[in-house]
Amino acid sequence: MSGDVLVINAGSSSIKISLFGPGGADGPELEIAGMVEGIGTAPRAIIRRASKEVLIDQRWPNRDGPHDHDQTMAYIIRVLAERRAGWKPAGVGHRVVHGGVLYREPTVIDATVRANAQ
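Model, not experiment: these values are computed from the prediction. (Residues numbered from 1 in each chain as written. Predicted model: local features only at pLDDT ≥ 70, side-chain atom pairs only at ≥ 80, totals over all residues. Heavy atoms only, no water.)

### Focus on the overall build of the protein
Link 1 in the chain: Within the protein one finds 2 helices and 6 strands.
Link 2 in the chain: Reading the helices (α) and strands (β) of the protein from amino to carboxyl end gives β-β-β-β-β-α-β-α.
Link 3 in the chain: Over its C-alpha atoms, taken along the principal directions, the protein stretches across nearly 45 × 40 × 25 Å.
Link 4 in the chain: Burial statistics for the protein: of 118 residues in total, 26% are counted as buried.
Link 5 in the chain: Across the protein, contacts joining residues at least 24 apart in sequence account for 36% of those joining residues at least 6 apart.
Link 6 in the chain: Put simply, the protein shows about 7,800 Å² of open surface, and 52% of that area lies on carbon and sulfur atoms. (Helix = DSSP H or I, 4+ residues; strand = E, 2+ residues; numbered from the N terminus. Buried < 20%, exposed > 50% of the residue type's maximum accessible area, 1.4 Å probe, protein only. Contact = heavy atoms within 4.5 Å. Areas by Shrake-Rupley, 256 points an atom, 1.4 Å probe, with all protein chains shown as cover.)

In C-alpha coordinates:
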(Lines give C-alpha, C1' and ligand atoms only; values in the text may rest on other atoms or scores of the structure.)
Protein backbone atom coordinates (compact mmCIF):
# COMPACT_ATOMS: atom_id res chain seq x y z
CA MET A 1 0.00 0.00 0.00
CA SER A 2 1.35 3.40 -0.97
CA GLY A 3 -0.22 5.84 1.49
CA ASP A 4 -1.69 7.75 -1.47
CA VAL A 5 -5.23 9.11 -1.42
CA LEU A 6 -7.17 9.31 -4.66
CA VAL A 7 -9.84 12.02 -4.79
CA ILE A 8 -12.55 11.73 -7.45
CA ASN A 9 -15.03 14.29 -8.73
CA ALA A 10 -17.43 12.56 -11.11
CA GLY A 11 -19.75 14.69 -13.20
CA SER A 12 -22.29 13.80 -15.85
CA SER A 13 -19.71 13.54 -18.66
CA SER A 14 -16.36 13.81 -16.90
CA ILE A 15 -14.26 12.42 -14.08
CA LYS A 16 -11.62 14.60 -12.45
CA ILE A 17 -8.98 13.10 -10.19
CA SER A 18 -6.31 14.26 -7.79
CA LEU A 19 -3.76 11.90 -6.30
CA PHE A 20 -2.18 13.00 -3.03
CA GLY A 21 0.93 11.38 -1.62
CA PRO A 22 1.69 11.28 2.10
CA GLY A 23 3.88 14.37 1.80
CA GLY A 24 5.87 15.63 4.73
CA ALA A 25 5.42 17.74 7.82
CA ASP A 26 2.90 19.98 6.04
CA GLY A 27 0.61 17.06 5.21
CA PRO A 28 -0.38 15.39 1.94
CA GLU A 29 1.04 16.72 -1.33
CA LEU A 30 -0.63 16.77 -4.70
CA GLU A 31 1.31 14.44 -7.01
CA ILE A 32 -0.98 13.88 -10.00
CA ALA A 33 -4.14 15.59 -11.27
CA GLY A 34 -6.21 15.10 -14.35
CA MET A 35 -9.50 14.42 -15.97
CA VAL A 36 -11.34 12.52 -18.63
CA GLU A 37 -13.99 14.68 -20.26
CA GLY A 38 -16.49 13.97 -23.01
CA ILE A 39 -17.40 10.53 -21.63
CA GLY A 40 -19.85 8.89 -24.02
CA THR A 41 -19.05 11.18 -26.93
CA ALA A 42 -15.45 11.97 -27.89
CA PRO A 43 -13.44 11.47 -24.68
CA ARG A 44 -10.18 13.22 -23.91
CA ALA A 45 -7.87 12.30 -21.04
CA ILE A 46 -5.28 14.68 -19.70
CA ILE A 47 -3.25 13.73 -16.65
CA ARG A 48 -0.34 15.78 -15.27
CA ARG A 49 2.15 15.62 -12.46
CA ALA A 50 1.92 18.42 -9.89
CA SER A 51 4.89 19.96 -11.72
CA LYS A 52 2.55 20.32 -14.77
CA GLU A 53 4.48 17.66 -16.72
CA VAL A 54 1.95 15.97 -18.99
CA LEU A 55 1.78 12.22 -18.46
CA ILE A 56 -1.22 11.52 -20.69
CA ASP A 57 -2.94 13.57 -23.35
CA GLN A 58 -5.13 11.17 -25.24
CA ARG A 59 -8.18 11.69 -27.42
CA TRP A 60 -10.64 9.18 -28.78
CA PRO A 61 -12.35 11.10 -31.60
CA ASN A 62 -14.21 8.11 -33.06
CA ARG A 63 -15.97 7.05 -29.85
CA ASP A 64 -13.52 4.18 -29.39
CA GLY A 65 -12.47 5.29 -25.90
CA PRO A 66 -14.25 4.79 -22.60
CA HIS A 67 -18.03 4.83 -23.16
CA ASP A 68 -19.22 5.25 -19.58
CA HIS A 69 -18.04 6.09 -16.09
CA ASP A 70 -17.16 2.47 -15.22
CA GLN A 71 -14.85 2.17 -18.24
CA THR A 72 -13.40 5.61 -17.53
CA MET A 73 -12.55 4.75 -13.91
CA ALA A 74 -10.97 1.48 -15.06
CA TYR A 75 -8.86 3.48 -17.55
CA ILE A 76 -7.79 6.00 -14.86
CA ILE A 77 -6.84 3.27 -12.37
CA ARG A 78 -4.87 1.41 -15.06
CA VAL A 79 -2.99 4.59 -16.08
CA LEU A 80 -2.08 5.39 -12.46
CA ALA A 81 -0.99 1.81 -11.74
CA GLU A 82 1.18 1.73 -14.89
CA ARG A 83 3.06 4.80 -13.70
CA ARG A 84 3.49 3.76 -10.07
CA ALA A 85 4.69 0.18 -9.67
CA GLY A 86 2.72 -1.72 -7.05
CA TRP A 87 0.33 1.19 -6.57
CA LYS A 88 -2.68 0.68 -4.34
CA PRO A 89 -4.20 3.77 -2.73
CA ALA A 90 -4.60 3.91 1.04
CA GLY A 91 -7.91 5.67 0.54
CA VAL A 92 -10.34 7.03 -2.01
CA GLY A 93 -12.57 10.06 -1.56
CA HIS A 94 -15.39 11.32 -3.72
CA ARG A 95 -16.52 14.90 -3.86
CA VAL A 96 -20.23 15.24 -3.18
CA VAL A 97 -21.48 18.61 -4.32
CA HIS A 98 -24.93 19.08 -2.82
CA GLY A 99 -25.23 18.99 0.97
CA GLY A 100 -28.85 20.11 1.08
CA VAL A 101 -30.07 22.60 3.66
CA LEU A 102 -28.23 21.03 6.62
CA TYR A 103 -24.66 21.09 5.28
CA ARG A 104 -23.13 24.21 3.78
CA GLU A 105 -19.43 23.39 4.20
CA PRO A 106 -17.20 20.33 3.72
CA THR A 107 -18.54 17.54 5.91
CA VAL A 108 -17.35 14.00 6.57
CA ILE A 109 -20.13 11.56 5.77
CA ASP A 110 -20.59 9.70 9.04
CA ALA A 111 -23.52 7.97 10.80
CA THR A 112 -25.11 11.29 11.78
CA VAL A 113 -24.97 12.69 8.26
CA ARG A 114 -26.43 9.45 6.88
CA ALA A 115 -29.24 9.51 9.43
CA ASN A 116 -30.05 13.12 8.49
CA ALA A 117 -30.35 12.10 4.84
CA GLN A 118 -33.22 9.72 5.51
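On we go from here.
### Focus on the nonpolar core
Link 1 in the chain: Ile17, Tyr75, Ile76 and Leu80 are the most contacted members of the largest nonpolar core, which has 19 residues in total.
Link 2 in the chain: Every element with two or more residues in this core is listed here: strand E1 (5–10), strand E2 (14–24), strand E3 (27–37), strand E4 (44–49), strand E5 (54–59) and helix H1 (69–83).
Link 3 in the chain: Counting residues per element, this core draws most heavily on H1, which supplies 5 residues.
Link 4 in the chain: Once residues lying within four places of it in the same chain are set aside, the contact partners of isoleucine 17 are Leu6, Val7, Ile8, Ile32, Ala33, Gly34, Ile76 and Leu80. (Core = buried A, V, L, I, M, F, W, Y, C linked by side-chain atoms within 4.5 Å.)

### Comments concerning H1
Link 1 in the chain: Here H1 contains 15 residues, and its C-alpha end-to-end distance of 21 Å stays within 8% of the 21 Å for a straight helix at 1.5 Å per residue.
Link 2 in the chain: Residues of H1 that are buried sit in contact with E1, E2, E3, E4 and E5.
Link 3 in the chain: Its side-chain oxygen 3.2 Å from the backbone nitrogen of aspartate 70, aspartate 68 forms the N-cap of H1. (Expected span 1.5 Å × (residues − 1). Polar contact = N/O pair within 3.5 Å; in protein donor to acceptor, adjacent residues only side chain to side chain.)

### Topic: the pairing of E3
Link 1 in the chain: Pairing of E2 with E3, which is carried by 9 bridges, proceeds in the antiparallel orientation. Bridge pairing in E3 places isoleucine 17 opposite glycine 34.
Link 2 in the chain: Hairpin connection, E2 to E3: the antiparallel pair is bridged by 2 residues.
Link 3 in the chain: Summarising the sheet, E3 and E4 pair through 6 bridges and their orientation is antiparallel. Bridge pairing in E4 places isoleucine 32 opposite arginine 49. (Pairing = 2+ DSSP bridges.)

### Looking at the environment of tyrosine 103
Link 1 in the chain: If you trace the backbone, tyrosine 103 turns up in the loop between strand E6 (91–94) and helix H2 (111–116).
Link 2 in the chain: Between the alpha carbons of tyrosine 103 and valine 113 there is a distance of 8.9 Å; along the sequence they are 10 residues apart.
Link 3 in the chain: Ignoring any residue separated from it by four or fewer positions in sequence, one finds tyrosine 103 in contact with Thr112, Val113 and Asn116.
Link 4 in the chain: A polar contact of 2.6 Å, which involves the side chain of tyrosine 103, links it to the side chain of asparagine 116.

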